[in-house]
Amino acid sequence: MSTPQAMPLAEALAVVHQYRADAVVITTMGAAREWQTLEPHPKDLVYMPSSMGQGPPLGLGIAIAQPDQRVIVVNGDGCMLMNLGCLVTLAAQAPKNFTLVVVDNGVYEVTGGQATIGHPTKRADGQPLNFADLARAAGFTEVYEFDDAESFRFEHETLHEPGPVYIVLKTNHQTKDISARSPGPPAERIEDFRTSLQS
Amino acid sequence: MFAPEEFVSTLTELGITHVVWIPDTTLGQWDAALRVAPEIELVQVCREGEAWALAAGLYLGGAKPIVVIQCTGLFESGDSLRNILHDYRLPIYGLIGYRSFLNAASLPGDTCLKFTEPVLDAWALDTVFLKDESMKPQFAEHYRKCTEQQIPGICLMAEGAA
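All values derive from a computational prediction rather than experimental measurement.

Cut-offs used in this document
- Residues numbered from 1 in each chain as written.
- Chains lettered and ligands numbered in written order.
- Predicted model: local features only at pLDDT ≥ 70, side-chain atom pairs only at ≥ 80, totals over all residues.
- Heavy atoms only, no water.
- Helix = DSSP H or I, 4+ residues; strand = E, 2+ residues; numbered from the N terminus.
- Rg over C-alpha atoms; globule rule 2.2 N^0.38 Å.
- Buried < 20%, exposed > 50% of the residue type's maximum accessible area, 1.4 Å probe, protein only.
- Contact = heavy atoms within 4.5 Å.
- Areas by Shrake-Rupley, 256 points an atom, 1.4 Å probe, with all protein chains shown as cover.
- Lys, Arg positive; Asp, Glu negative; His and termini not counted.
- Charge placed at Lys NZ, Arg CZ, Asp CG, Glu CD.
- Pairing = 2+ DSSP bridges.
- Right-handed = clockwise from strand over helix to strand, strands pointing away.
- Axes fitted to C-alpha atoms, helices over the stretch in contact; angles between N-to-C directions.
- Polar contact = N/O pair within 3.5 Å; in protein donor to acceptor, adjacent residues only side chain to side chain.
- Core = buried A, V, L, I, M, F, W, Y, C linked by side-chain atoms within 4.5 Å.
- Salt bridge = Lys/Arg side-chain N within 4 Å of Asp/Glu carboxyl O.
- Buried area = accessible area lost by both parts, 1.4 Å probe.

A. Seen up close, the overall build of chain A. The number of helices and strands found in chain A is eight helices and eight strands. Scaling as 2.2 N^0.38, a compact globule of 199 residues should have a C-alpha radius of gyration of about 16 Å, and chain A matches this with 16 Å. Here the C-alpha coordinates of chain A stretch approximately 50 × 35 × 30 Å along the principal axes. Considering chain A as a whole, with its 199 residues, one finds that 51% of them fall into the buried category. Of all intrachain contacts in chain A linking residues separated by at least 6 positions in sequence, the fraction that spans at least 24 positions is 69%. Summed over its atoms, the accessible surface of chain A is roughly 8500 Å², and 54% of this surface lies on carbon and sulfur atoms. Distance between charge centroids for chain A: 4 Å, based on 14 positive and 23 negative side chains.

Spelled out as structure tokens, the structure:
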């Protein structure tokens, strides 16, 4: 079996970071860890500690409350699996200012790289779970998939299309340093974040 | 306990902008009234864990949400509640229907009666318990108190048969 093409997580996030404009960016799990290596922005929410799967509804709430504010949630595939229902909630609300980016590497990276139940080795058909098809089935119409950073960079406008937008980024499983990186006390950070949304 | 229009007018007086919910037999009786309430947006989710996070996002964006779920949803949504109300200390308020408290005829031996109050105690949240109609005014009073103090709060509302 050939190895499917995928991009380094850092390269994928660099594109989001470069083209976010004034968007709120909420990052979870492995993406949250990596996002902290990039230049911070007042509208960043490094969602750590998190409740796995709850990043998209958190972002949806902001998008509903502030319809002129673009909200980008960068979620892991493991997080998606913990709350697939949020796709249905998102499609029902259909916020035009919302983008859900799913970083799909097939593993729980921050706990050591154990395969998720969507990984080909765990599935009866031996095929990776198709996260794009899940979104389409839930009602998303703006669905994109990228397996290399240059293609994503070339199509970066997708981040800001009228939404809800759903972007799957196939990424490599990182095997080097994946140790926890603390973004600081959550209550203080979220108050700063809230203030940035009111200004 | 609350008639539909009575519940809507209470929420409107409190300035609530969004009801994030999943209806049950009792709460669902407010559905039609909430849908036409001019100053309230009803946001339905698939599972209750979503409700706390979605309400948190609304609050961060400047809205005044309330979470409305059944006690079974409280059980399901513990991790999200822990994260939003304790890790991030966001002052989100929830109204939780207490299944079978007034009438367990349709679900004899309903374990909601065994676990709801201990679970709420475990989450260490400021809670008011409406056991009967006469206690209804305590909902608005408690909501205002929690809002003033910027703390999370729960109104546990007795329900009848499931």
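From this point on, the discussion continues.
B. Region of interest: the pairing of strand E1 (residues 18-21) of chain B. All names here are of chain B. Here E1 shows two buried faces, one formed by His18 and Val20 and the other by Val19 and Trp21. Examined bridge by bridge, E1 and strand E2 (residues 41-44) share four bridges and lie parallel to one another. If you follow valine 19 over to E2, its bridge partner there is leucine 42. Between the parallel elements E1 and E2, the chain passes through helix H2 (residues 31-36) in a crossover that is right-handed. Two elements, E1 and strand E3 (residues 65-70), share four bridges in a ladder whose sense is parallel. Among the inter-strand pairings, tryptophan 21 is bridged to a residue of E3, identified as valine 68.

C. Summary view of the sheet that holds strand E6 (residues 153-158) of chain B. Residues and elements named next belong to chain B. On the basis of which strands lie adjacent, the open sheet formed by six strands has the order E2-E1-E3-E4-E6-E5 and parallel pairing. In this open sheet, the two edge strands, each paired with only one partner strand, are E2 and strand E5 (126-130). Within the sheet, the average angular offset between the axes of one strand and its neighbour, ignoring direction, is 20°. Pairing analysis gives five bridges linking E5 to E6, with the strands arranged parallel. Across the sheet, residue phenylalanine 129 finds its bridge partner in E6, namely leucine 156. The strands touched by helix H6 (residues 112-122) are strand E4 (93-98), E5 and E6; relative to E4, the strand with the most contacts, the crossing angle is about 160°.

D. Geometry of the side chain of serine 80 of chain B. Following the sequence through the fold, serine 80 of chain B ends up in helix H5 (residues 78-87). Separated by 2.7 Å, the side chain of serine 80 of chain B and the backbone oxygen of glycine 49 of chain B make a polar contact. With near-sequence residues (within four places) excluded, serine 80 of chain B lies in contact with Ser51 and Gln54 of chain A together with Gly49, Trp52 and Ala53 of chain B.

E. Structural view of the nonpolar core. Judged by nonpolar contacts, the single largest core of 63 residues is most densely connected at Leu100 and Tyr166 of chain A together with Trp52, Leu60, Leu90 and Ile92 of chain B. Element by element, the count of residues in this core is highest for helix H3 (residues 48-60) of chain B, at nine residues. Setting aside anything within four residues of it in sequence, one finds leucine 60 of chain B in contact with Leu58, Ile62, Ile190, Phe193, Arg194, Leu197 and Gln198 of chain A together with Leu90 of chain B. Core analysis: the next-biggest nonpolar cluster, separate from the first, contains 28 residues, Val8, Leu14, Val68 and Met135 of chain B among them.

F. How the structure looks around the pattern of salt bridges. Within this structure, the stated rule accounts for 16 salt bridges over all chains. Close ionic contact of glutamate 191 of chain A with arginine 194 of chain A constitutes a salt bridge, the shortest N to O distance being 3.1 Å. Placement of both glutamate 191 of chain A and arginine 194 of chain A in helix H8 (residues 186-198) is noted, with a separation of three residues, approximately one turn of the helix. Judged by relative accessible area, glutamate 191 of chain A falls into the partly exposed class, the value being 34%. Here aspartate 110 of chain B and arginine 99 of chain B are joined by a salt bridge, their closest N and O atoms 2.8 Å apart. Residue aspartate 110 of chain B is located in the loop between E4 and H6, and its partner arginine 99 of chain B is located in the loop between E4 and H6; the two are separated by eleven residues in the primary sequence.

G. How the structure looks around the interface of chain A and chain B. Of the residues lining the interface, 30 residues belong to chain A; the matching set on chain B comes to 28 residues. Of the roughly 2100 Å² buried at the junction of chain A and chain B (both faces included), carbon and sulfur atoms supply 62%. Considering only the side of chain A, the residues that lose the most area to chain B are Thr89, Ile190 and Arg194 of chain A, jointly responsible for 21% of the buried surface there. On inspection of chain A and its partner chain B, the count reaches zero salt bridges.

H. Up close: the environment of isoleucine 40 of chain B. Residues and elements named next belong to chain B. Turning to its location among the elements, isoleucine 40 is positioned in the loop between H2 and E2. Residue isoleucine 40 is classed as buried on the basis of its relative accessible area of 7%. As a C-alpha pair, isoleucine 40 and proline 65 span 25 residues in sequence and 9.2 Å in three-dimensional space. Residues contacting isoleucine 40, with those up to four places away along its chain left out, are Val8, Leu11, Thr12, Ile16, Thr17, Val19 and Leu34.

I. The sheet that holds strand E7 (residues 142-146) of chain A, seen in detail. All names here are of chain A. With respect to topology, six strands assemble into an open sheet ordered E2-E1-E3-E4-E8-E7, the strand pairing being parallel. Every other strand in the sheet has two partners, leaving strand E2 (44-46) and E7 as the edge strands with one partner each. Averaged over all pairs of adjacent strands, the angle between strand axes in this sheet comes to 15°, irrespective of strand direction. Relative to strand E4 (residues 98-104), strand E3 (residues 71-76) runs parallel, the two sharing six bridges. Bridging across to E4, valine 74 finds its partner in valine 101.

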